[in-house]
Amino acid sequence: MAVKIRLARHGRHKRPFYRIVVADSRSPRDGRFIEVLGTFDPLSDASGIRVDAARTQGWLEQGAQPSETVKQILKKAGVGKTVSISGG
């Protein structure tokens, strides 16, 4: 089972709000997930990023692959420094 860390969209029309989730790569974007690691609000003035760093680090160590967008969000949040989150 390939596990990914990706965004699940919530909110209403033109007011997006995202959850950072761990999900099976075969699951739909807003569908079934394993665990919620945090949230991302792109419309907030302040940093709209909340991430459980310890749980995220644990998933990265177990081999979960973050999406490109989540990589950028984790970099801004300062998570994933000890484990290389680069992928290809």
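Report on the accompanying structure. (Residues numbered from 1 in each chain as written. Predicted model: local features only at pLDDT ≥ 70, side-chain atom pairs only at ≥ 80, totals over all residues. Heavy atoms only, no water.)

It is worth spelling out helix α1 (residues 53–61) at this point. Along α1, the positions that sit buried rather than exposed are Thr-56, Gln-57, Gly-58, Trp-59 and Leu-60. Where the residues of α1 are buried, they touch β1 (3–12), β2 (15–24), β3 (35–40), β4 (49–51), β5 (65–66) and α2 (68–77). Looking one or two residues past α1, Gly-63 carries a phi angle of roughly 105°, positive in sign. (Buried < 20%, exposed > 50% of the residue type's maximum accessible area, 1.4 Å probe, protein only. Helix = DSSP H or I, 4+ residues; strand = E, 2+ residues; numbered from the N terminus. Contact = heavy atoms within 4.5 Å.)

We now examine the sheet that holds β4. The strand order across the open sheet formed by five strands is β4-β3-β2-β1-β5, and the pairing between neighbours is mixed. The open sheet terminates on both sides in strands that have one partner only, identified here as β4 and β5. Lying on the sheet, α1 is in contact with β1, β2, β3, β4 and β5; it crosses β3 at an angle near 120°. (Pairing = 2+ DSSP bridges. Axes fitted to C-alpha atoms, helices over the stretch in contact; angles between N-to-C directions.)

Take unusual backbone geometry next. Here the phi dihedral of Lys-14 falls at roughly 60°; this positive angle occurs in a residue that is not glycine. Considering the arrangement of structural elements, one finds Lys-14 in the loop between β1 and β2. Classification of Lys-14 as exposed rests on a relative accessible area of 65%.

What follows covers α2. For α2, the full list of buried residues reads Val-70, Lys-71, Ile-73 and Leu-74. Considered in projection along α2, the buried side chains sweep an arc of 165° and stay on one side of the axis. Turned more than 90 degrees away from the buried face of α2 sit Glu-68, Gln-72, Lys-75 and Lys-76, all of them exposed. Buried residues along α2 sit in contact with β1, β2, β3, β4, α1 and β5. (Arc of directions from axis to C-beta.)

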